[in-house]
Amino acid sequence: MMALPLVELHLHIEGTLEPELIFELAARNNVTLPWASLDELRAQYEFSDLSSFLDLYYRNLDVVRERVDFADLTRAYLKRAAAGGVRHAEIFFDPQAHTSRGIPLATALGGVHDALANSAAEFGVSTKLIVTFLRDRPAAEALAILRQILAGDVADGVTIDGIGLDSAEVGYPPSLFTEVFELARANGLHVVAHAGEEGPPAYVWEALDLLKVERIDHGIRSLEDDALVERLVAERIPLTVCPLSNVRLRVIDTLADHPLLGMLERGLLVTVNSDDPAYFGGYVDENMAALTAEFDLDAAQLALLARNGIEASFLTAAEKAALAEEVDTWVQAQA
Ligand code: ADE
Ligand code: ZN
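Everything quoted here is computed from the prediction, not taken from an experiment.

### Considering the coordination of the zinc ion (ligand 2)
In the first shell of the zinc ion (ligand 2), the protein supplies His-10 (NE2), His-12 (NE2), His-194 (NE2) and Asp-275 (OD), at 2.1 to 2.2 Å from the metal. Each of the four donor atoms bound to the zinc ion (ligand 2) contributes to angles spanning 83 to 173°, and the resulting shape is irregular. All donors of the zinc ion (ligand 2) come from a single chain, and their spacing in sequence reads H-x1-H-x181-H-x80-D. A residue pair is termed long-range when its members are at least 10 positions apart, and His-12 in strand β1 (residues 6-12) and His-194 in strand β5 (residues 190-195) qualify at 182 residues. Residues His-12 and His-194 agree in their burial class; the two are buried.

Here is the structure:
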């Protein structure tokens, strides 16, 4: 049976680094790991909040060093995504997670690009690349990296489609990055930002008003502010929601408590995504399966979520129409 065609809009490529690949890359690069076994590493995947996760996420990246490592990481994701029905992925990449530990931007970005360049042909997954800046590092550093990328002197032929904002949210409001986002927009890049994951609704307002983002990543704390919900609905601003991530980072207690269905009922343009699947127990198809099991979703609800992902993407109208037809075909096959 044909898989539901999915679009992934909130996926940190660094968050797809599976424990097995950590050990493989450690051996390849002669890195001594602090963990004696896969089980010992997996025992660390118990998080109390966003920052406890980010500590491990940044630390594990120590094994990813050469251009080929970045390409292998990205190829492994694309292969897994394709197997789960993903037809299009807009991928986040954190340059500062690598430059801050001495990896040249050209090595990291070049490796990711090498894999993305072959993705459509090799895996049947079209892609876009969104460079995400770490909000708990200086905006001046983000600006310097963005200028370097815009100047086209990072690595041969590497271009990006947009920028985003991620990492530790509370205490780092979007307003700090107004100039960075202005420069990105002036250069025709798409703009998105994490907001309202752990941070307050005020951060979502700032992301909209100051950064002028086209999508909000997470955004589930928007529900605390009725005027904000009204605005998101009226302007059809997509929220890229990540249910399994929300549970694992204790944004909500259990999947049964997830507000996804209520968000849909309020008319929000909600999409389902995986965030950091190697850490949170599931790729996007597994997020959909977990929701289906928890809330007994029917084919119409699954198709709505798939169509929301298509609408919220940065594909062209023609590309969106082609994917929407694939969803229609899937729906007919369910009847
Ligand atoms: N970087 C990787 N995953 C993230 C998340 N869920 N929130 C903020 N920054 C991140
Ligand atoms: Zn995220």
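### Structural notes on helix α17 (residues 317-334)
If you check α17, its first and last C-alpha atoms are 26 Å apart, about what 18 residues at 1.5 Å a residue would give, namely 26 Å. Taken residue by residue, α17 has Leu-323, Val-327 and Trp-330 as its buried positions. For α17, the buried positions fall inside an angular range of 55° around the axis, keeping them on one side. Set apart from the buried face of α17 by more than 90 degrees, the exposed residues are Ala-317, Ala-318, Glu-325 and Gln-332. Against β1, β2 (86-93) and α16 (299-312) lie the buried residues of α17.

### Quick look at the pattern of salt bridges
Taken as a whole and judged by the stated rule, the model has 19 salt bridges. Ionic pairing is found between Glu-224 and Arg-221, a salt bridge with its closest N-O pair at 2.8 Å. We classify Glu-224 as exposed; its relative accessible area is 53%. Taking relative accessible area as the criterion, Arg-221 reaches 25% and is therefore assigned partly exposed. Linked through salt bridges whose partners overlap, the residues forming this network are Glu-24, Arg-28, Asp-69 and Asp-72.

### Here's the deal with helix α6 (residues 105-117)
For α6, which comprises 13 residues, the first-to-last C-alpha distance of 17 Å matches the rise-based estimate of 18 Å (1.5 Å per residue) to within 8%. Those residues of α6 that sit buried are Leu-105, Thr-107, Ala-108, Leu-109, Gly-110, Gly-111, Val-112, Ala-115 and Leu-116. In this structure, the buried side of α6 is in contact with α4 (67-83), β2, α5 (96-99), α7 (119-123), β3 (126-134) and α8 (139-150).

Thresholds applied
- Residues numbered from 1 in each chain as written.
- Chains lettered and ligands numbered in written order.
- Predicted model: local features only at pLDDT ≥ 70, side-chain atom pairs only at ≥ 80, totals over all residues.
- Heavy atoms only, no water.
- Donors = N, O, S within 2.8 Å, 3.2 Å for Na, K, Ca; no water.
- Tetrahedral: all angles 85-135°; square planar, octahedral: opposite > 155°, others 65-115°.
- Helix = DSSP H or I, 4+ residues; strand = E, 2+ residues; numbered from the N terminus.
- Buried < 20%, exposed > 50% of the residue type's maximum accessible area, 1.4 Å probe, protein only.
- Expected span 1.5 Å × (residues − 1).
- Arc of directions from axis to C-beta.
- Contact = heavy atoms within 4.5 Å.
- Salt bridge = Lys/Arg side-chain N within 4 Å of Asp/Glu carboxyl O.

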